[in-house]
Amino acid sequence: MGGVHVAVIGAAGMIGRKLVAELVREERLGDAELSHLSTVDLVEPDPPAGWAGTTVGWSADLTVPGAAEAFVAGRPDVIFHLAAVVSGEAEADFELGYRVNLDGTRALLEAIRAAHIADGYCPRLVFASSIAVFGGPQPEVTPEDFAATPLSSYGTQKAIGELLLTDYTRRGFVDGVGIRLPTICIRPGKPNRAASGFFSAIVREPLVGQEAILPVPETVRHWFASPRSAVRCCLRAAIIDSELIGPRRTLSMPGLSATVGEQIEALRRVAGDQAVRLVRRRPDPSIMRIIESWPRALDASRAQRLGFVAETSFDEIIKVHLEDELGQHAG
């Protein structure tokens, strides 16, 4: 056996970079040794540090004719599809959102299907979906099989992606697993154009003495997991027995339900009142309209039974951020 060939689409993004780093650190995926690593994004990802195996990194737009076929030509055994235009940007730029989030996914699936017809190729494809596939009104805890009636373009694009993944898997072209990720918090680095970005900013910035804008009331409740948990969910999805998943190919990932007020109180416990005072209230109705349509909590019991895990308190999420991004380790 020559080991496993893993490809990461969206490898220059936050989760993509962390996933690649974890794969390189472990040098394996499940029980299989990592032999080849392909990293793809619109901007060519940096070569993974500390990796002596075969690496192919390239810049590609999967919606360009021939690009997805060229990617699939390497016949990766496992593909992580993380590339996306985020929620706020997809809402602001309708054409871009559909081109990247829908057309890119369809192009990838079609390239895999063509390869399957040619030689039986059938990779494991992990598709990063989102809680935005659900739209209001919703119960306090949203079941995994709740009707997908998204109230944003981003959510609609992800919901269509879930359906395509299920159908291409049913037809035997691909072995797909969709993971509905919670809002990932605390995201490191500069804010992106996600509508949910403030959830990270109101903790991340005060922790380093900077002001942050809070555009929604403190009573807003949401579903969270850390970047570390997102990577672990991706890795678990890559190796889980397909028979255990069954015909419903997308799983709602575990997370924790917390209000903005509870986030702020967790910040206070870690960094004190001086950090909390750096959170500035500035209501933004456009952001509130998107956020209030998303789930407050998910029933992730099926995923939990299958071995997916996440944090259980916002204090844990802050601890992960301090350890992974600021190099601070609790005693």
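By convention here, each chain's residues receive numbers from 1 onward along its written sequence. Local features in this predicted model are restricted to residues whose pLDDT is 70 or higher, and side-chain atom pairs enter the listing and the counts only when it is 80 or higher, whereas totals over whole chains, interfaces and linings include all residues. Water and hydrogen atoms were dropped before computing side-chain values, which therefore reflect all heavy atoms in the structure.

1. Some points on the packing of aromatic side chains
Phase 1: Ring geometry is summarised as follows: Phe, Tyr and Trp rings, the Trp one being its six-membered ring, pair when their centres sit within 6.5 Å, and such pairs are stacked at plane angles under 30 degrees, edge-to-face over 60 and tilted between the two. This model, assessed by the stated rule, comprises seven aromatic pairs.
Phase 2: Between Phe 198 and Phe 199, the ring centres sit 4.2 Å apart and the planes meet at 35°, which makes this aromatic pair tilted.
Phase 3: Take Phe 198: its relative accessible area is 6%, and that puts it in the buried class.
Phase 4: Residue burial is assigned from relative accessible area. The probe radius is 1.4 Å, only protein chains are included, and a residue is buried under 20% of its type maximum, exposed over 50%, and partly exposed in between. Residue class for Phe 199 comes out buried when judged on its relative accessible area of 0%.
Phase 5: A centroid spacing of 5.5 Å and a plane angle of 80° characterise the contact between Phe 224 and Phe 314, whose relative ring orientation is edge-to-face. A residue pair is termed long-range when its members are at least 10 positions apart, and Phe 224 in strand β10 (residues 221-225) and Phe 314 in helix α13 (residues 314-324) qualify at 90 residues. We note that Phe 224, like Phe 314, is buried.
Phase 6: Connected via pairs of aromatic rings, a cluster forms that spans Phe 198, Phe 199, Phe 224 and Phe 314. Helix and strand definitions follow DSSP, with helices as H or I runs of at least four residues and strands as E runs of at least two, each counted in order from the N terminus.

2. Section: the environment of Val 8
Phase 1: In this structure, Val 8 sits in strand β1 (residues 4-9).
Phase 2: By relative accessible area, which is 0% here, Val 8 ends up buried.
Phase 3: Placed 208 residues apart in sequence, Val 8 and Val 216 show a C-alpha to C-alpha distance of 34 Å.

3. Thoughts on the side chain of Lys 158
Phase 1: Following the sequence through the fold, Lys 158 ends up in helix α5 (residues 153-170).
Phase 2: At 8.5 Å, Glu 162 is the nearest oppositely charged side chain to Lys 158, a buried residue that forms no salt bridge.
Phase 3: By the convention used here, residues are in contact when the closest approach between their heavy atoms is within 4.5 Å. If we ignore the near neighbours within four places in the chain, the residues touching Lys 158 are Ala 83, Ala 84, Phe 127, Ala 128, Ser 129, Ser 130 and Val 133. Charged residues are defined here as Lys and Arg on the positive side and Asp and Glu on the negative side; His and the ends of the chain fall outside this count. Within this document, salt bridges are pairs made up of a side-chain nitrogen of Lys or Arg and a carboxyl oxygen of Asp or Glu, the two lying within 4 Å of each other.

4. Focus: helix α9 (residues 260-271)
Phase 1: For α9, spanning 12 residues, the distance from its first C-alpha to its last is 16 Å, which sits close to the expected 16 Å at 1.5 Å a residue.
Phase 2: Gly 272, located one to two residues past α9, shows a positive phi value of around 85°. The length a helix should cover is 1.5 Å for every residue beyond the first.

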